[in-house]
Each structure stands twice: as structure tokens, then as C-alpha cells.
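Understanding the architecture of this molecule
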Amino acid sequence: MQKTTALAVTALTLALSALTAPAAHAADGWQWLPIANDPGWKPEASLALTGNRVGPGTGASGWGLDLNFNCGLVQTPDQRIRSHVNFTHTSQNGTSVNAFELSPRYTVPLGDGLSAGFGPSVGAFQVSTPGNDRTLLGLGAAAGMNYRAGMLYTGFDIRYHATTSRGGIDHDPLTFGAKVGINF
């Protein structure tokens, strides 16, 4: 557990450093609450179905939804922060997990509709085992590659969360997800 927590803290520190580094170069161009203060702000939302593989140890497969949009709370001068909201359901050997994750990601365009993003993540994980249900909170990091062409949206993510332990349940998911959906 200590090794897992140390890994999560390191990943979160790196993600936060990456998000704050651009602020040192262009602090005056950052927007706070662009959803309310910028009449030109648009969500540019995407919605996708996801297929997920969760480890380590569990090897559970599942499905989910990924909704992402331009962040309305804080935005870089070049409009590169996108908020990802993920819902994931996995089930294996009598254990099921429903996960809700929120991840603001600094996104870098790579050309021709391709982009990469990374950032911190918070999550709530409802873990149900025979005779034992617990909700665990977690902190972590997320990264992904996305491709947008017209209405087509596709990509893949990797997300890690170090969670609390409660009532004998410990769940520190490393999630690999592939997604396909639409741009609005």
C-alpha cells in the first residue's frame, strides 16, 4: 500500500507540475471561470463508449462512458485544458466496481486531429463483494491520446488511482481504456 500511495503521489505531483508550468510562462493569459466570463467559450464536448481493462491483479474487463469538454473553471491562454468525466463498470468473480472519475487534462495538439493529454484525477469507486459494499475515494493521474475527425471521436486512456481502504477492501485500479464516440 505504501508503494502504491507513493506512486500515486509522484504521478499526481508530476501531473500538477505539468499543469502549472504553462502558468509561469503566460500567467496573464489564463482565464478563471471562462464558462461565465468568456462569451466566446464553447464546451466542444465529446461523448464516447469505452471498453476497459482494470488491473493489477483483478484483470477485470468492463464498459463505460467518457464525456470530455473544454474546462469551464480554468483555461490556459491557448485553450488546452479539457475536463474528462468517466463512468466505468467492471465485474469479475462476484466483485463489481462502479467508478466515477474526474480528470482535468492539459492537452497538446499533435496535428491532423490527434492530441495527447495528461493531468491529475480524482475518483469514487463503489466496490461490491459478496457481503461487503464499500465506497473508496482515490487520487491519481490520467493520460490519453485522442483523435477527432468531423463527428468521429476515438482514443485510449490510462488512469491510476490510489484509494482509501475500508472494511478490508483495498482497490487501487490501473485502468486501460479504448473509446469511440462522437463530437458535438
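Scroll up for the structure.
Residues numbered from 1 in each chain as written. Predicted model: local features only at pLDDT ≥ 70, side-chain atom pairs only at ≥ 80, totals over all residues. Heavy atoms only, no water.

1. What to know about the overall build of the chain
Counting secondary structure elements, the chain contains 2 helices and 12 strands. Listing each helix as α and each strand as β along the chain from the N terminus yields α-β-α-β-β-β-β-β-β-β-β-β-β-β. Each of the 184 residues in the chain was classed as buried or not, and the buried ones make up 41%. (Helix = DSSP H or I, 4+ residues; strand = E, 2+ residues; numbered from the N terminus. Buried < 20%, exposed > 50% of the residue type's maximum accessible area, 1.4 Å probe, protein only.)

2. Quick look at the pattern of salt bridges
Counted according to the given criterion, the structure contains 6 salt bridges. As a salt-bridge pair, Asp66 and Lys179 come within 3.7 Å of each other at their nearest N and O atoms. On the criterion of sequence distance, the pair formed by Asp66 in strand E3 (residues 60-70) and Lys179 in strand E12 (residues 174-183) is long-range, its members being 113 residues apart. On the basis of relative accessible area, Asp66 is assigned to the buried category, the value being 0%. Since its relative accessible area comes to 3%, Lys179 is described here as buried. Between Asp157 and Lys179 there is a salt bridge; the shortest N-O distance is 3.1 Å. (Salt bridge = Lys/Arg side-chain N within 4 Å of Asp/Glu carboxyl O.)

3. Here we look at the sheet that holds strand E9 (residues 152-163)
Pairing in this closed barrel of 8 strands is antiparallel, and the strands run E2-E3-E5-E6-E7-E8-E9-E12 around the ring. For this sheet, the mean inter-axis angle between neighbouring strands, taken without regard to orientation, is 25°. Pairing of strand E7 (residues 114-129) with strand E8 (residues 132-149), which is carried by 16 bridges, proceeds in the antiparallel orientation. Directly across from Gly117, in E8, lies its bridge partner Gly144. (Pairing = 2+ DSSP bridges. Axes fitted to C-alpha atoms, helices over the stretch in contact; angles between N-to-C directions.)

4. Description of a nonpolar patch on the surface
The grouping of Leu47, Leu49, Trp63, Leu65, Leu67, Phe87, Met151, Ile182 and Phe184 at the surface amounts to a nonpolar patch, some 870 Å² of accessible area in total. Broken down by secondary-structure element, the contributors of at least two residues to the nonpolar patch are strand E2 (46-55) and E3. If you tally residues by element for the nonpolar patch, the top one is E3, at 3 residues. (Patch = residues over 30% accessible without salt bridge, like charges linked within 9 Å, V, L, I, M, F, W, Y side chains within 5 Å. Areas by Shrake-Rupley, 256 points an atom, 1.4 Å probe, with all protein chains shown as cover.)

5. Quick notes on the pairing of E2
Where a strand is regular, its side chains alternate between the two sheet faces. As paired strands, E2 and E3 are joined by 9 bridges and run antiparallel to one another. Note on E3: the bridge partner recorded for Ser46 is Asn68.

6. Digging into unusual backbone geometry
One non-glycine residue, Gln79, lies in the positive phi region at around 55°. Exposure remark for Gln79: the relative accessible area of 34% places this residue in the partly exposed category. Positive phi outside glycine occurs at Asn93, with the angle close to 50°.

7. Topic: the environment of Asn146
Following the sequence through the fold, Asn146 ends up in strand E8. Considered as a pair, Asn146 and Ala178 are 32 residues apart in the sequence and their alpha carbons are 9.8 Å apart. The residues touching Asn146, leaving out its near neighbours within four places in the chain, are His84, Gly113, Leu114, Ser115, Tyr153, Thr154, Gly155 and Lys179. A distance of 3.2 Å separates a polar atom in the side chain of Asn146 from a polar atom in the side chain of Lys179. (Contact = heavy atoms within 4.5 Å. Polar contact = N/O pair within 3.5 Å; in protein donor to acceptor, adjacent residues only side chain to side chain.)

8. Focus: the nonpolar core
Counting residues in hydrophobic clusters, the biggest one holds 6 residues: Val97, Ala99, Phe125, Val127, Leu136 and Ile169. Setting aside chain neighbours within four positions, we find Ala99 in contact with Asn86, Phe87, Thr88, Ala124 and Phe125. Counting 5 residues, the second-largest nonpolar core is a separate cluster that includes Trp30, Cys71, Val74 and Ile81. (Core = buried A, V, L, I, M, F, W, Y, C linked by side-chain atoms within 4.5 Å.)

9. With respect to the pairing of E3
Sheet topology note: the E3/strand E5 (residues 81-92) ladder contains 9 bridges and is antiparallel. Within E5, the residue paired with Asn70 across the bridge is Arg82.

10. Here we look at the environment of Phe184
Here Phe184 shows up in the segment after E12. Discounting chain neighbours no more than four positions away, the residues touching Phe184 are Ala45, Ser46 and Leu47.

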